[in-house]
Amino acid sequence: MGKKLRSLISPESRLDNRPDYALVGIVRVPLLETSPWKQIFVRLLWAFGALVLAVIITYAERSGYQDGNDPENGMTLVDCIYYATVTLTTTGYGDITPVTQSARLANVVLITPLRLFFLIVLIGTTLQALTERSRQAFRIQRWRSALHNHTVVVGYGTKGRSAVAAMLADDVPPNDIVVVDTDQDALDLAALKGLVTVHGSGAKADVLKLAGVPRAKSIIVATNQDDTAVLVTLSARELNPRATIVASIRESENAHLIEQSGADSVVVSAETTGRLLGLATVTPSVVTLTEDLLSPEEGFSVSERRVKPSEIGGSPRHLQDLVLGVVRHGKLYRVNDEGVEKLEVGDRLLYVRMSQPSIVSKDINFSTK
């Protein structure tokens, strides 16, 4: 019992200590796949090329071959094609044989390697299955060495998928997003979007290390249970004190727990949904506009940008953009708060951006002047 327990907690059993080849099936780095028909066509071309090369070699040494059925006449081009075909396919009827030293040497040095290559191409599907593990291990090694300043999304349920969709719509590259989940079906959906996936529990430190949390820029905790969200946040904050952690919980009574765990921002999904449901009964247009603001790919969206040099010293309320808030020294101020009447160097503005100006009426003026 003691040996079994030690083996479970030993450093060798941790995912972050495993070699790259042992992570195949746990980490998946998507690669743009080609059409299977195109792959088959390419393999047939390689096989045909090997056959043509074998015909050329045989024809060049045709004087060194003897046809048992017609020993008096020399080898014709058709005979060379026939010999190359039955040789590469390992049929080997034996009616045509190399008799001279040069012809036999050509068979050993050239024809035999072509035969092996031809067979490998024909069973390319099996070869691909055998080598896929090595290719995936190489991609994992390259990915781990280049991983930094990325976003880790723990949980790819409804909340996680929505968060990823918002980031992709805001032009975040898919290879800058790593999804961690225990549901393989959810990871398959993430892989279809070109995201890197890690199979495992985000509450485990070794899984988070494998996802690159120590070098991540931001971490999104979108688990289905609040207690899991607290554990994930605690582990993530311990691994990376500098990353921005945004966590989603279901109940507001757990907000202080996850804040104490190290979350920079907390989203209470149950209360937010309840408010929208209440507003929908009174002012449904407000709910529509709110959903519009939360969908970067269409209509309006809330975005962030640096203050321009020409805007320094001016009021955020008098800009062309509709400014909602000012981020100064990491703290958010509403546009009407005292202390942000004048913009300073390094300020960042939260403003309403039009994602598709063509579908919005031109009569709307966002200036607060």
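Residues numbered from 1 in each chain as written. Predicted model: local features only at pLDDT ≥ 70, side-chain atom pairs only at ≥ 80, totals over all residues. Heavy atoms only, no water.

1. Considering the overall build of the protein
Quick note on the threshold: Helix and strand labels come from DSSP, where a helix needs a run of H or I of at least four residues and a strand needs a run of E of at least two; each type is numbered from the N terminus. Here the term buried applies to any residue with accessible area under 20% of the maximum for its type, exposed to any over 50%, and partly exposed to those in between, with areas from a 1.4 Å probe on protein chains only. Two residues qualify as a contact provided that any one of their heavy atoms is within 4.5 Å of a heavy atom in the partner residue. Only the protein chains shown count as cover for residues, and all accessible areas are computed by the Shrake-Rupley method using a 1.4 Å probe.
Of the regular secondary structure elements, the protein holds 12 helices and 13 strands. Counting only residues that meet the buried cut, the protein has 36% of its 369 residues in that class. Put simply, 64% of the contacts in the protein that link residues at least 6 apart link residues at least 24 apart. If you sum the accessible surface of the protein, you get close to 22,100 Å²; carbon and sulfur atoms cover 58% of it.

2. With respect to the pattern of salt bridges
Note the cut-off: Think of a salt bridge as a Lys or Arg side-chain nitrogen and an Asp or Glu carboxyl oxygen that are within 4 Å of each other.
Scanning all chains against the criterion turns up 6 salt bridges. Among the ionic pairs, Glu304 bridges to Arg348, the shortest N-O distance being 2.5 Å. Of the two residues, Glu304 sits in strand S10 (residues 300-306) while Arg348 sits in strand S13 (residues 348-354), which places them 44 residues apart along the sequence. Here Arg328 ties to Asp347 by a salt bridge, and the two come within 2.7 Å at their closest N and O atoms. Of this pair, Arg328 sits in strand S11 (residues 322-328) while Asp347 sits in the loop between strand S12 (331-334) and S13, and the two are 19 residues apart along the sequence. A relative accessible area of 2% means that Asp347 is categorised as buried. Overlapping salt bridges bring together Arg305, Glu311 and Asp321 as one network.

3. Notes on the sheet that holds S11
For clarity, the cut-off: What makes two strands pair is DSSP finding at least two bridges between them. For helices, the axis comes from a line fit to the C-alpha atoms of the stretch in contact; other axes are also lines fit to C-alpha atoms, and the angle between any two N-to-C directions lies between 0 and 180 degrees.
Here 4 strands make up an open sheet; going across it, the order is S10-S13-S11-S12 and the pairing antiparallel. Of all the strands in the sheet, just S10 and S12 have a single pairing partner and so form its edges. Taking the axes of each pair of neighbouring strands and ignoring which way they run, one obtains an average angle of 30° across the sheet. Relative to S13, S11 is paired through 5 bridges, and the arrangement is antiparallel. Bridging from a neighbouring strand, Gly325 pairs with Leu350 of S13.

4. So, the pairing of strand S4 (residues 151-154)
One face of the sheet, then the other: side chains in a regular strand alternate in exactly this way. Heads up, the condition is: Call a crossover right-handed when, viewed with both strands pointing away from you, the route from the first strand across the helix to the second goes clockwise.
Burial along S4 is two-sided: the residues Thr151 and Val153 and Val152 and Val154 are all buried. The handedness of the S4 to strand S5 (residues 177-181) crossover, carried by helix H6 (residues 158-169), is right-handed. Here S4 runs beside strand S7 (residues 218-221); their pairing, made up of 4 bridges, is parallel. Across the sheet, Val152 pairs through a bridge with Ile219, a residue of S7.

5. Observations concerning the environment of Val164
Following the sequence through the fold, Val164 ends up in helix H6. For Val164, a relative accessible area of 1% gives the class buried. Linking Val164 and Thr151, residues 13 residues apart in sequence, is a C-alpha distance of 9.6 Å. Non-local contacts of Val164, meaning those with residues more than four positions away in its chain, are made with Val153, Tyr156, Ile177 and Leu195.

6. Focus on the packing of aromatic side chains
In plain terms, the rule: Only rings of Phe, Tyr and Trp enter the pairing, Trp through its six-membered ring, and a pair is recorded when the two centres are within 6.5 Å. The plane angle decides the type: under 30 degrees is stacked, over 60 is edge-to-face, the rest tilted. Charge over a ring is defined by NZ of Lys or CZ of Arg lying within 6 Å of the ring centre and within 35 degrees of the ring normal.
Scanning the entire structure with this criterion turns up 1 aromatic pair. Above the ring of Tyr59, the side-chain terminus of Arg62 is found at 4.1 Å from the ring centroid. The lysine or arginine in question, Arg305, covers the ring of Tyr351, its NZ or CZ lying 5.4 Å from the ring centre.

7. Re helix H9 (residues 226-239)
Given 3.6 residues per turn, any residue in an α-helix points the same way as the ones three and four places further on. Note the cut-off: A helix is expected to span 1.5 Å multiplied by its residue count minus one.
A rise of 1.5 Å per residue sets the reference length of H9, with its 14 residues, at 20 Å; its end C-alpha atoms lie 20 Å apart and thus fit the reference within 8%. Where H9 is concerned, the buried positions are Asp226, Ala229, Val230, Val232, Thr233, Ser235, Ala236 and Arg237.

8. Details of the confidence of the model for the protein
The following threshold applies: Residue-level confidence of the predictor, termed pLDDT, takes values from 0 up to 100.
Mean pLDDT over the protein works out to 78, with 77% of the residues at or above the 70 mark. Below pLDDT 50 for its whole length, residues 1-12 participates in 4 contacts with residues either more than four positions away or in separate chains.

9. Quick look at the nonpolar core
The criterion, for reference: What we call a nonpolar core is a set of buried Ala, Val, Leu, Ile, Met, Phe, Trp, Tyr and Cys residues that are connected through their side-chain atoms within 4.5 Å.
Of all hydrophobic cores here, the largest spans 30 residues; its most connected members are Val198 and Ile219. The element that contributes the greatest number of residues to this core is H9, accounting for 4 residues. In this structure, Ala54, Val55, Ala84 and Ala103 belong to the second largest nonpolar core, which totals 18 residues.

10. Remarks on a nonpolar patch on the surface
Inclusion rule: To count toward a patch, a residue needs a relative accessible area above 30% and no salt bridge. Like charges then connect within 9 Å, nonpolar side chains (Val, Leu, Ile, Met, Phe, Trp, Tyr) within 5 Å.
Nonpolar side chains collect at one region of the surface, where Phe41, Val42, Leu45, Trp46 and Phe117 lie side by side and expose about 510 Å² of accessible area between them. Looking at where Leu45 falls in the secondary structure, it is placed in helix H2 (residues 36-60).

11. A short note on helix H7 (residues 184-192)
This is how the line gets drawn: Along the arc lie the directions from the helix axis toward the C-beta atoms. Under this definition, polar contacts are N or O atom pairs within 3.5 Å; protein pairs additionally need one hydrogen-donor-capable and one acceptor-capable atom, and for neighbouring residues in sequence, both atoms have to be side-chain atoms.
For H7, the set of buried residues is Ala186, Leu187, Ala190 and Ala191. One face of H7 carries all of its buried residues, which in axial projection span an arc of 140°. Of the residues in H7, the exposed ones pointing more than 90 degrees away from the buried face are Asp185 and Leu192. Where H7 begins, one side-chain oxygen reaches toward the backbone nitrogen of Asp185, 3.1 Å away; that side chain belongs to Asp183. Just downstream of H7 lies Gly194, where phi reads positive at about 85°.

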